[in-house]
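Analysis of the macromolecular model
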Amino acid sequence: MSKNFNLNGDFPPNNPAGEKVGGTVGDFGKKSPTKVGYNKDKEPFVGHKACAGCGGTIAVRLALKALGERVFVTVPAGCMSAVGFLYPQMAFTVNSIISTFAGTASMLTGIRAAANAKGLKDVFVVGFAGDGGTADIGIQALSGAIERGDKIIYICYDNEAYMNTGIQRSSATPFGASTTTSPAGSVIGGNRLGKKDMFSIVAAHNIPYAATASIAYPHDYIKKVKKAAATDGPSYIHILAPCPTGWGSENNQTVNLARLAVETGLWQLKEFAGGEVKITHKPKELKSIEEYLRLQKRFRHLNAADVDRVKESIG
Ligand SMILES: Cc1ncc(C[n+]2csc(CCOP(=O)(O)OP(=O)(O)O)c2C)c(N)n1
Ligand code: SF4
Ligand SMILES: [Mg+2]
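Residues numbered from 1 in each chain as written. Chains lettered and ligands numbered in written order. Predicted model: local features only at pLDDT ≥ 70, side-chain atom pairs only at ≥ 80, totals over all residues.

**Re the overall build of the protein**
Assigned secondary structure in the protein consists of eleven helices and ten strands. Sorting the 315 residues of the protein into buried and exposed places 52% on the buried side. Counted over contacts in the protein with a minimum sequence separation of 6, partners at least 24 positions apart contribute 67%. (Helix = DSSP H or I, 4+ residues; strand = E, 2+ residues; numbered from the N terminus. Buried ≥ 20, exposed ≤ 12 C-beta atoms within 10 Å, placed from the backbone. Contact = placed C-beta atoms within 7 Å.)

Okay, here's the thing in structure tokens:
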């Protein structure tokens, strides 16, 4: 357990000397060797070691900004824990803890139960799990937590592969993408399977609130995080978060790609509440997907038939 996690009701938790340092204290009571004191505007996630242009860190930071300090954060194995919990530096300045790869949602359930038992009011329990940790290994725990009706916020930052361990295909990897376990070559042209639709799977549980989001639409995302926070029960947000390292894109194209995914219709912004699905942003005219594909090396081998198949996936 990280030192900046406690259930005593201290928010934020990581200031043993009563000092607002933020971002780098994880050195078990001593000052961090690289303390820079940049928590003046209450940054919840700073000093992490993500690659330049990482979309996942934007998803985490924006959500935590929206939720404020009274949060308990759970992050399973994956890039966000790898880049956020680096002893003796701690990028999370709010209560945060790493869970097992499969156990994000069950850990959230436990934290919620403990917070309730302690009588902590107005606290949010939020998890940030990758697509592998959500659509594959963590789906059982997630399904259980939704069924139980636990008041938790589950956010899947979707970079469309197991990035932290070297870009292996997950069930959220889109058709055609080259990964290290679906390599494009003379035998196969990248991933031959389609992307699992987690939004629909979660909605099929009749969850009180679910949404999709994109890091290129921060206002839409923050609104959804706040709706999730106000939901009396489980909520789920699936946010597309490009990864330059795994997608083979330029660092400065992350937001552009997240926007193009929406503008081409490949990624819809929507929400589910009260049994109904609502589109929250409808592009006036859909852009052609070629530009989106061209900016990513993972798609550069696609032939015309493959591109047609990608087009067919547009809802
Ligand atoms: C039970 C278990 N299996 C495998 C791993 C190794 N592992 C750590 S992170 C990771 C990839 C996570 O992928 P994803 O959830 O998509 O998050 P990302 O790294 O893309 O952010 C894997 C396979 C592990 N930590 N635990
Ligand atoms: S590999 Fe991708 S998801 Fe992981 S830190 Fe780098 S850019 Fe972010
Ligand atoms: Mg991933």
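**Considerations on helix H1 (residues 55-67)**
Spanning 13 residues, H1 covers 19 Å between terminal C-alpha atoms, matching the ideal 18 Å at 1.5 Å per step. Among the 13 residues of H1, ten are classified as buried, and the element is accordingly described as predominantly covered. Within the span of H1, buried status applies to Gly-55, Gly-56, Thr-57, Ile-58, Ala-59, Val-60, Leu-62, Ala-63, Leu-64 and Leu-67. Two residues or fewer after H1 comes Gly-68, characterised by a positive phi angle close to 85 degrees. (Expected span 1.5 Å × (residues − 1).)

**Some words on the sheet that holds strand E8 (residues 235-240)**
With respect to topology, eight strands assemble into an open sheet ordered E4-E1-E5-E6-E8-E7-E9-E10, the strand pairing being mixed. Unpaired on one side and paired on the other, strand E4 (95-98) and strand E10 (276-281) mark the two borders of the sheet. Between one strand axis and the next, the sheet turns through 20 degrees on average, direction left out of account. Note: strand E1 (residues 71-75) against E4, four bridges, orientation parallel. When the bridges of E4 are listed, Phe-72 appears paired with Asn-95. The strands that helix H3 (residues 104-117) touches are E1, strand E5 (124-130) and strand E6 (153-158); relative to E5, the one it contacts most, it runs at about 170 degrees. Along the sheet face, helix H9 (residues 254-263) touches strand E7 (209-214), E8, strand E9 (269-273) and E10 and points at about 120 degrees away from the line of E7. (Pairing = 2+ DSSP bridges. Axes fitted to C-alpha atoms, helices over the stretch in contact; angles between N-to-C directions.)

**Describing the nonpolar core**
General note: in soluble globular proteins, nonpolar side chains tend to be found buried as a group. Formed by 88 residues in total, the largest nonpolar core has its most connected members in Ala-59, Val-125, Ile-155 and Ile-239. No other element matches the seven residues that H1 contributes to this core. Non-local contacts of Val-125, meaning those with residues more than four positions away in its chain, are made with Phe-72, Leu-108, Ile-111, Arg-112, Ala-115, Ile-152 and Ile-153. (Core = buried A, V, L, I, M, F, W, Y, C linked by C-beta atoms within 7 Å.)

**Section: the pairing of E10**
Of all six residues making up E10, only zero are buried, and the element is barely covered by its neighbours. Both E9 and E10 contribute to a ladder of five bridges, which runs antiparallel. Its bridge partner lying in E10, Phe-272 is registered against Val-277. Where E9 folds back onto E10 in an antiparallel hairpin, the turn is made up of two residues, including Gly-274, whose phi is positive at roughly 55 degrees.

**Quick notes on the site of ligand 2**
Taken together, 13 residues form the shell around ligand 2, and within it Ala-50, Cys-51, Cys-54, Cys-79 and Cys-243 come nearest. At three residues, the largest contribution of residues to the shell around ligand 2 is made by helix H8 (residues 244-247). (Near = placed C-beta within 6 Å.)

**With respect to the environment of Gly-275**
Topologically, Gly-275 is positioned in the loop between E9 and E10. Judged by the 7 C-beta atoms lying within 10 Å of it, Gly-275 falls in the exposed class. Here the alpha-carbon distance between Gly-275 and His-205, two residues 70 residues apart in the chain, equals 9.8 Å.

**A few points about unusual backbone geometry**
Positioned with a positive phi, Glu-160 is a non-glycine residue whose angle comes to about 70 degrees. For Glu-160, the position within the fold is in the loop between E6 and helix H6 (198-203). Since 26 C-beta atoms lie within 10 Å of it, Glu-160 is described here as buried. Here Ile-167, not a glycine, exhibits a phi torsion of approximately 65 degrees, which is positive.

**Some thoughts on the packing of H1 against helix H7 (residues 218-230)**
One way to put it is that H1 packs onto H7 with a least axis distance of 9 Å and a crossing angle of 50 degrees. With respect to H7, the axis of H1 lies oblique. Judged by the sense of rotation from one axis to the other, the crossing of H1 with H7 is right-handed. Listed contacts from H7 to Leu-62, Ala-63, Ala-66 and Leu-67 of H1 are Pro-218, Tyr-221, Ile-222, Val-225, Lys-226 and Ala-229. (Parallel < 35°, antiparallel > 145°, perpendicular 65-115°, else oblique. Left-handed = near helix turned anticlockwise from the far one by under 90°.)

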